[in-house]
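Take a look at the letters that make up each chain.
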Amino acid sequence: MDSRPYWIFIPEYIAAGSAVAIVALELIFPKMRRELLGYMTAVAGIAWAIAAAFYVGHDDRTYQGLLQVDNFTTYFRFLAAGIITVTGLLSATYMKDKAKTASEYYGLLLTAGLGMVLMAASRELITAYISLELLSFSLYILVGYLKKDALSSEASLKYILLGAFSSAMLLYGISLIYGVTQSTHYDGIAQALAARDSGTTPAVVVGFMLIIAGVGFKVAAVPFHMWSPDAYEGAPLPITAFLSTLSKAAGFALFLRLFTTAIVVDAVEWRWAIALLAAITMVLGNVLAIQQKNLKRLIAYSSIGQVGYMLVVIAAIGYGDQEIGRNASSALLLHIAGYTISTLALFTALTAYYNKTGHDTVEGLRGMAETQPFLALIVTVSLFSFAGLPFFAGFTTKLFMFQASTTDELMWLIGLAVVNSFVSLYYYLMVLRQVYLFDPPAGLARFKLPPLMMGLGGLLMLGVLAIGIYPGPFFEAVEHATQPLYQQGADLIVKNP
Amino acid sequence: MSYDEAQGYVVLSTLAQPLLAALIILFIPATRKMAIRYVSLFFATLMLGLSVYIFTAYQIGGDSIQMEISWAWVENTAFLGPRGISLHLGIDGIAALMVLLTGIVAFAATLVSWKLDYRPKDFFILFWVLVAGVYGTFFALDLFFWFFFYELAVVPLYLLIGVWGSTRKEYGAMKLTLMLVGGSVLIWIGIFAIFNAAGLHTFDLQQLWAAGADGTIDRNTQKIFFPFFVIGCGVLAALWPFHTWSPDGHMAAPTAVSMVHAGVLMKLGAFGIIRLGIQLLPEGAEFWMPGLMVLGTIGAVYGAAAALTQRDFKLISGYSSVSHMGYVLMGLATMNSIGITGAVLQMFSHGVMTALVFLMIGALYDQAHTRDLRDFGGIAKVMPWWVVCYTIAGLANVGLPGLSGFTAEFHIFVGTFETYPLFGGLAIFAAALAAGYMLRMFSVVFFGPFNPRWKDRLHDITPLEGVAASALIASMVVMGVWWAPFTDRVSHTVTQLVGVTG
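Just so you know, these numbers come straight off a predicted model, no measurement behind them.

## What about the overall build of chain B?
- In terms of helices and strands, chain B carries 19 helices and two strands.
- For chain B, whose C-alpha radius of gyration is 22 Å, the value lies close to the compact-globule estimate of 23 Å for 502 residues.
- Counting only C-alpha atoms and orienting by the principal axes, one finds that chain B spans roughly 70 × 60 × 40 Å.
- Split into buried and exposed, the 502 residues of chain B put 67% on the buried side.
- Relative to all contacts within chain B whose residues are 6 or more apart in sequence, the contacts with residues 24 or more apart total 81%.
- As displayed, chain B offers around 15200 Å² of accessible surface, 68% of which is attributable to carbon and sulfur atoms.
- Looking at charge distribution, chain B has the averaged site of its 24 positive side-chain charges lying 15 Å from that of its 27 negative ones.

## Quick word on the side chain of E465(B)
Residues and elements named next belong to chain B.
- Tracing the sequence through the fold places E465 in helix α18 (residues 463–481).
- Note on E465: relative accessible area 4%, which makes it buried.
- A polar contact of 3.1 Å, which involves the side chain of E465, links it to the backbone nitrogen of T462.
- Once residues lying within four places of it in the same chain are set aside, the contact partners of E465 are K115, L359 and A363.

## Here's the deal with helix α5 (residues 125–143) of chain A
- Its 19 residues give α5(A) an end-to-end C-alpha distance of 26 Å, which sits within 8% of 27 Å, the value for a rise of 1.5 Å per residue.
- Where α5(A) begins, the side chain of E124(A) points an oxygen toward the backbone nitrogen of I126(A), at a separation of 3.2 Å.

## Some details on the layout of surface pockets
All names here are of chain A.
- Of the volumes computed, that of the second largest pocket is approximately 730 Å³.
- Lining the second largest pocket are 27 residues, and of these Y75, F78, L79, A337 and I341 lie nearest its centre.
- Every element with two or more residues in the lining of the second largest pocket is listed here: α3 (71–94), α13 (322–357), α18 (451–469) and α19 (472–487).
- It is α3 that provides the largest number of residues to the lining of the second largest pocket, a total of ten residues.
- Here the residues of the lining of the second largest pocket sort into 19 nonpolar, eight polar and no charged.

## Structural notes on the packing of helix α10 (residues 237–262) of chain A against helix α12 (residues 295–319) of chain A
Residue and element names in this part refer to chain A.
- Where α10 meets α12, the axes come as close as 11 Å, and the angle between the chain directions of the two elements is 10 degrees. Between α10 and α12, the interaxial angle falls into the category roughly parallel. Two secondary-structure elements touch here, α10 through L237, T240, S244, K248, F252, F255, L256, F259 and T260 and α12 through K296, S303, V307, M310, L311, I314 and I317.
- Of the residues contributing to the contact of α10 with α12, the split by class is ten nonpolar, four polar and two charged.

## A short note on the pattern of salt bridges
- Going through the model one piece at a time under the given rule, you end up with 25 salt bridges over all chains.
- Here D230(A) and K158(A) are joined by a salt bridge, their closest N and O atoms 2.6 Å apart. Of this pair, D230(A) sits in helix α9 (residues 227–234) while K158(A) sits in helix α6 (residues 150–181); the two residues are 72 residues apart in sequence, bridging distant segments of the chain.
- Here D230(A) falls in the buried class, since its relative accessible area comes to 16%.
- Here R83(B) ties to D204(B) by a salt bridge, and the two come within 3.1 Å at their closest N and O atoms.

## Topic: helix α17 (residues 411–437) of chain A
Residue and element names in this part refer to chain A.
- Between its terminal C-alpha atoms α17 stretches 38 Å, which fits the 39 Å expected from 27 residues at 1.5 Å a residue.
- Where α17 bends most, at V431, the angle is about 25 degrees.
- Of all 27 residues that make up α17, 19 are buried, and the element is covered over most of its length.

## A word on the environment of L20(B)
All names here are of chain B.
- Structurally, L20 can be placed in helix α1 (residues 3–26).
- Since its relative accessible area comes to 40%, L20 is described here as partly exposed.
- Note: C-alpha distance between L20 and F43 (23 residues apart in sequence) is 8.7 Å.

## Remarks on empty space enclosed by the protein
- Overall, the coordinates contain seven cavities of 30 Å³ or more when judged by the stated rule.
- Approximately 60 Å³ is the volume found for the largest cavity.

## Some words on the packing of helix α2 (residues 34–53) of chain A against α3(A)
Residue and element names in this part refer to chain A.
- Contact pair α2 / α3: the axes reach a minimum separation of 8 Å and the direction vectors enclose 165 degrees. Accordingly, the angle class assigned to the pair α2 and α3 is roughly antiparallel. Once α2 is placed against α3, the crossing between them reads as left-handed. For the pair α2 and α3, the contacting residues are E35, G38, Y39, T41, A42, G45, I46, W48, A49, A52 and A53 in the first and T74, R77, F78, A80, A81, I84, T85, G88, L89 and A92 in the second.
- Split into classes, the residues belonging to the contact of α2 with α3 amount to 13 nonpolar, six polar and two charged.

## Some details on the nonpolar core
- If you look at the biggest cluster of nonpolar residues, it comprises 399 residues, and the most contacted ones within it are I314(A), F400(A) and W386(B).
- Setting aside chain neighbours within four positions, we find F400(A) in contact with A331(A), L334(A), P471(A), F475(A), V74(B), F79(B), L80(B), I85(B) and F144(B).
- Grouped together as the second largest cluster of nonpolar side chains are seven residues, I8(A), F9(A), Y63(A) and L67(A) included.

## A closer look at a nonpolar patch on the surface
- Taken together, the side chains of L377(A), L20(B), L23(B), I24(B), L26(B) and F27(B) define a hydrophobic patch exposed on the protein surface, amounting to about 530 Å² of accessible area.
- If you tally residues by element for the nonpolar patch, the top one is α1(B), at four residues.
- Note on placement: L377(A) falls in helix α15 (residues 373–387).
- You can call L377(A) partly exposed: its relative accessible area is 30%.

## Let's talk about the interface of chain B and chain A
- Counting from both sides, the interface comprises 36 residues of chain B and, opposite them, 43 residues of chain A.
- Among the residues of chain B in contact with chain A, F79(B), W188(B) and F192(B) are the three that bury the most area, contributing 18% of the side total.
- Along the contact surface separating chain B from chain A lie two salt bridges.
- For E370(A), the salt bridge is made with R119(B), and the minimal N-O distance between the two is 3.5 Å.
- Those elements giving two or more residues to the side of chain B that touches chain A turn out to be β1 (66–74), α5 (143–154), α6 (157–164) and α7 (169–198) of chain B.
- Per element, the largest residue contribution to the side of chain B that touches chain A is 14 residues, and it comes from α7(B).
- By residue class, the composition of the side of chain B that touches chain A is 27 nonpolar, five polar and four charged.

Calculation criteria
- Residues numbered from 1 in each chain as written.
- Chains lettered and ligands numbered in written order.
- Predicted model: local features only at pLDDT ≥ 70, side-chain atom pairs only at ≥ 80, totals over all residues.
- Heavy atoms only, no water.
- Helix = DSSP H or I, 4+ residues; strand = E, 2+ residues; numbered from the N terminus.
- Rg over C-alpha atoms; globule rule 2.2 N^0.38 Å.
- Buried < 20%, exposed > 50% of the residue type's maximum accessible area, 1.4 Å probe, protein only.
- Contact = heavy atoms within 4.5 Å.
- Areas by Shrake-Rupley, 256 points an atom, 1.4 Å probe, with all protein chains shown as cover.
- Lys, Arg positive; Asp, Glu negative; His and termini not counted.
- Charge placed at Lys NZ, Arg CZ, Asp CG, Glu CD.
- Polar contact = N/O pair within 3.5 Å; in protein donor to acceptor, adjacent residues only side chain to side chain.
- Expected span 1.5 Å × (residues − 1).
- 1 Å grid on protein atoms, 1.4 Å probe; cavity = no way out; pocket = protein on both sides within 12 Å on 5 of 7 lines; lining within 4 Å.
- Points joined across faces, edges and corners; volume = space filled by probe spheres on them.
- Nonpolar A, V, L, I, M, F, W, Y, C, P; charged D, E, K, R; others polar.
- Axes fitted to C-alpha atoms, helices over the stretch in contact; angles between N-to-C directions.
- Parallel < 35°, antiparallel > 145°, perpendicular 65-115°, else oblique.
- Salt bridge = Lys/Arg side-chain N within 4 Å of Asp/Glu carboxyl O.
- Bend = angle between axes of the 7 residues up to and from the residue.
- Left-handed = near helix turned anticlockwise from the far one by under 90°.
- Core = buried A, V, L, I, M, F, W, Y, C linked by side-chain atoms within 4.5 Å.
- Patch = residues over 30% accessible without salt bridge, like charges linked within 9 Å, V, L, I, M, F, W, Y side chains within 5 Å.
- Buried area = accessible area lost by both parts, 1.4 Å probe.

See below:
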């Protein structure tokens, strides 16, 4: 078999090519309308997804054992393409007159998406690290894109400094693992760890912890979350959406691939840390969210809480057998999809509202039910979905995720997660209180939505409802996406007692 | 299509009606208020008809569960085996009575909401979603969907009370929502644990019930998680000491929401105790029921005593609901068939009676804008029909023979005396207190010297309210006079429950 099948990355060539083309276009035509670039990004996203669709269900192919294209990778291709399409459309209206140039902005959206897909595809630590940096550097610039806005620049600086620090930790972890296993390939690591005498080696444990810290930073798990509220607040609104969906999904793509194939062998050494991380993350995220006045910060902390729930699955992979690991992983993929769609729906509503009113605080939503009932409905649907109320994606996906992760050892964590989603309902209701219970500020009359925003919001809302009401087909789809994680070397993995 | 299948579709379409109503209203412009009301009335009437049909079509002497319909929803995927999650609907004798209750109360509440003029579109959408949640919970025979609909019934309450409520509405709405969802948290944890312990890879309730009865779910697990379900559902059933949302919530809620909430929603809690407590975890029930008996009795006595000291109409009814739901819990805790049958009858009786009480309070408050007992006097002179209706509700509340309250409470007392004579005595004491607060209200508000402040300012109930009240009164009288159709259906199911003594 061809060990260098270049053709397996055709969708990524499309994305990268579009990124370059979009940057070049503005250089050649400096006067062009900037919204057009946003629409082009959306088109590139759709093209990417269409190209990716040809890879569904085909045999898994690897490039030199470094990158693997399988259903798991393809799942994240769809996710990346979808997030970029929506963010591109949102940015087209939002960024209209916010910055002098826009082409880099849209180009970087695409490269960030590439970073995520490569993270999902990586089967080797150095490749995974480079993919993660591709994502991170794109995000650093995107967060600080509003140069004249002090908050935006501050956010970017904080993000870069802390990000560099976490990269260093990740690299140190990788080198420790390499030192023990003599391999950076996931398979090689798994074999070496399985062949090792049982017994705790400090280097392995420290290596695992550093890797967890490095990726934990990317998904903003407590205590590596300090950058996230500031970055969310300072970034342009569509980038906040981008951060809370794409960068988290990317982190979990890496977590899943790495933890299920490479280091699940030594689960006893890291599973307690992940369970602890999950517990702290969900509690702190939700408790701190209660006192937030700024809507972006509130969403930042609420998404930290969401990360806590998702980490429960990683812990379950460590505690449960293969069966539980597989079920929990597919439930996590479903949850990520539901969470992403809900978040994008929320930000579509917020962006549309901001474009009209200039408000992005919790108080600023006052009377939204009067001035724009449709947006109020979208906000309600997405917040209820986060809180896990029925009819909406969050109810089903959370229930599946927690049910799949239930083992006797993890019962306490599941209980904590459910209590936390109850806490989260409180601050979501505080937002809805502003939306429904108060009259709009004087001078703000009912306004009409641009048809694009209306269509986009409606479509995303239907997505939230579809997953919430009829999850069967989605659940089957993600099961296919998880399959590749568990076929490779299934015989190899003999779990420590 | 066989007869049974056709019956299944009746159940399914009853569940679909409120959702359809909400969907249709969603597409009516908000300014067409009359259209919204007529659509609501149409569906309410249809639902009333279907509910009565379901109740009467339930065959005494047939299978315990009838009119089943089952659609596979998610199966053979990940941790779900065959029939992992299915939209499995059906009714047993208990659910049949509750469905009838829902139909009557929802119909009455729709009529009462006719005069609601502030954003009726949003109100009715949320209202029908609430009703759909209630129907769904009574119909569901799949744990996933049971919980789905149970939560669905709680979701719209925050907005319904927060936007359309009165006194301290924000506080009441937030407190109520948080306490009820807090209860759901316990149920949710319990579901995860029981699903895991049963290891059947299905949420189908009938299979899980069998697993609970034959010991597949082991005794210890049952004992540990029974309180999760009973306290979780008990919050909604105003189980003392988790009842504190009830007075505040009822005081804040708009009339129709109070009616549906006290009338039907609180019964979901007691229904949950039957479904997830007694039926799912019989060994846990056996162990914990004395505890529930104590809490139920405290609730019954405490609620009645607290109602004695209140001066706000709605607070009196709020606390009296705590007291009556205390009887329901006592009846369930007896674990003998007459006691549990009585509890279910009381759920129905309290439902229609409280709905009527809140209807009357609403009719008065809309005109007077006060609910303080001391502001009134001699109301019988200006609102004779109002007084008649309220009196009937009050007498049913006290347990006057010939009205539904008597039938229900009589069963409960007999059941309680069989197993816990002391608590039976306390329950009768609570009933005496009920007579105290009701008669006090009669004497102060209805009769006595007329307060001239209300001359020409109070009008009698409107014809629509009259129709709503008659529907409620009729069901109270029927159950009080000729209770065989009710008791037969309920006890047919109750006697087949595992762990219930003769």
